[in-house]
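# Structural characterization, general
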Amino acid sequence: GQQVMQIPQYQHVQEGEDFTTYCNSSTTLSNIQWYKQRPGGHPVFLIQLVKSGEVKKQKRLTFQFGEAKKNSSLHITATQTTDVGTYFCAGRRDTGNQFYFGTGTSLTVIP
Amino acid sequence: DVKVTQSSRYLVKRTGEKVFLECVQDMDHENMFWYRQDPGLGLRLIYFSYDVKMKEKGDIPEGYSVSREKKERFSLILESASTNQTSMYLCASSFIIQYFGPGTRLLVL
């Protein structure tokens, strides 16, 4: 069954509002990655978090990895229409080469 | 520039047909993956391979098989296509980061 859950599934925001998507794993992860898929496109890597409690920023995007390494979040400040797309988290365990993708959050930004 | 290519962007097949989806990467990656993407279900792993001739089942391998005869090429095979295999199929290769191909949208009639 699905081992990495992501919420919300859909989010509509007005341009300029903030947006957050949450990722929760049933098991401890060695690291977590975030990907963005534009409409009609394929997932593209954004960032990787490895350490417990780690926080990374990319311009208006802030990524966090939970202390227990079982959850993560992506926060976008002051959304723009270019932020439209589906955001996926992907967790990896200590053993094995498999990535466990979340169900994704589809973001719509209303101009 | 990193490149993962898939043999077709769109494919229409009939129920019962054997379907081959090809994926080629030029990054010398050992790990390659096949996913299917369906609305509301995200990316679900079908099979992955961590070396030539090596394969491992993912979460939904039923109805699929794979072949990895060369490092750069990973093929997904639908032995007898069924309508519930209509989906977007994404191939990826990785060392640390996953690089995805453009996807193949398969319609099984």
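Above this text sits the structure in question.
Small disclaimer: the values here were computed from a predicted structure and weren't measured. (Residues numbered from 1 in each chain as written. Chains lettered and ligands numbered in written order. Predicted model: local features only at pLDDT ≥ 70, side-chain atom pairs only at ≥ 80, totals over all residues. Heavy atoms only, no water.)

## Quick word on the environment of A:G40
Examined against the element boundaries, A:G40 turns out to sit in the loop between strand 4 (31–37) and strand 5 (44–49). Between the alpha carbons of A:G40 and A:G85 there is a distance of 9.3 Å; along the sequence they are 45 residues apart. (Helix = DSSP H or I, 4+ residues; strand = E, 2+ residues; numbered from the N terminus.)

## Describing the pairing of strand 7 (residues 61–65) of chain A
Residue and element names in this part refer to chain A. The element strand 7 is extensively covered by neighbouring structure, given that four of its five residues are classed as buried. Looking at chain direction, strand 6 (residues 55–58) and strand 7 are connected through four bridges and run antiparallel. When the sheet's bridge partners are listed, K57 is paired in strand 7 with T62. Between the antiparallel neighbours strand 6 and strand 7 lie two residues, among them K59 with a positive phi of about 50°. Looking at chain direction, strand 7 and strand 8 (residues 71–76) are connected through five bridges and run antiparallel. For Q64, the partnering residue across the bridge sits in strand 8 and is S73. (Buried < 20%, exposed > 50% of the residue type's maximum accessible area, 1.4 Å probe, protein only. Pairing = 2+ DSSP bridges.)

## As for the layout of surface pockets
Reported here for the largest pocket is a volume of approximately 540 Å³. Considering the residues around the largest pocket, the lining is formed by 28 residues, among which A:Q37, A:T86, B:Q37, B:P39 and B:R105 are closest to the centre. Of all the elements in the fold, those that place two or more residues in the lining of the largest pocket are strand 9 (85–92) and strand 11 (105–110) of chain A together with strand 4 (31–38) and strand 9 (87–94) of chain B. Tallying contributions element by element places strand 11 of chain A first for the lining of the largest pocket, with four residues. By residue class, the composition of the lining of the largest pocket is eight nonpolar, 16 polar and four charged. (1 Å grid on protein atoms, 1.4 Å probe; cavity = no way out; pocket = protein on both sides within 12 Å on 5 of 7 lines; lining within 4 Å. Points joined across faces, edges and corners; volume = space filled by probe spheres on them. Nonpolar A, V, L, I, M, F, W, Y, C, P; charged D, E, K, R; others polar.)

## Quick word on the interface of chain B and chain A
Facing 22 residues of chain B, the contacting portion of chain A comprises 18 residues. Here chain B is connected to chain A by zero salt bridges. At the junction of chain B with chain A, the criterion picks out three residue pairs in polar contact (both at pLDDT 80 or more). Of all the secondary structure elements, the ones that give two or more residues to the side of chain B that touches chain A are strand 4, strand 5 (42–51), strand 9 and strand 10 (98–100) of chain B. (Contact = heavy atoms within 4.5 Å. Salt bridge = Lys/Arg side-chain N within 4 Å of Asp/Glu carboxyl O. Polar contact = N/O pair within 3.5 Å; in protein donor to acceptor, adjacent residues only side chain to side chain.)

## Description of the sheet that holds strand 6 of chain A
Note: strands within a sheet are paired through backbone hydrogen bonds, in either parallel or antiparallel orientation. Residue and element names in this part refer to chain A. An order of 1-3-8-7-6 is seen for the five strands of this open sheet, with the pairing classed as antiparallel. The sheet is open, and its two edges are formed by strand 1 (4–7) and strand 6, each paired on a single side. Taken over all neighbouring pairs, the strand axes of this sheet differ in orientation by 15° on average, direction set aside. (Axes fitted to C-alpha atoms, helices over the stretch in contact; angles between N-to-C directions.)

## Things to note about the state of the cysteines
The final tally for this structure, using the stated rule, is two disulfides over all chains. Here A:C23 is linked by a disulfide to A:C89, with a sulfur-sulfur distance of 1.9 Å. Across the S-S bond linking A:C23 and A:C89, the dihedral sits near 75°, which makes this disulfide right-handed. Here the residue A:C23 occupies a position in strand 3 (residues 19–25), and A:C89 occupies one in strand 9, the gap between them amounting to 66 residues. A relative accessible area of 0% means that A:C89 is categorised as buried. A disulfide bridge connects B:C23 with B:C91, and the sulfur atoms are separated by 1.8 Å. (Disulfide = S-S within 2.5 Å.)

## With respect to a nonpolar patch on the surface
Residue and element names in this part refer to chain B. A contiguous nonpolar patch, built from V12, L107 and L109 and spanning about 270 Å² of accessible area, is present on the exposed surface. Along the chain, the position of V12 falls in strand 2 (residues 10–13). Taking the relative accessible area as the measure of exposure, V12 reaches 54% and is therefore exposed. (Patch = residues over 30% accessible without salt bridge, like charges linked within 9 Å, V, L, I, M, F, W, Y side chains within 5 Å. Areas by Shrake-Rupley, 256 points an atom, 1.4 Å probe, with all protein chains shown as cover.)

No statement about biological role is implied by the geometric values presented.
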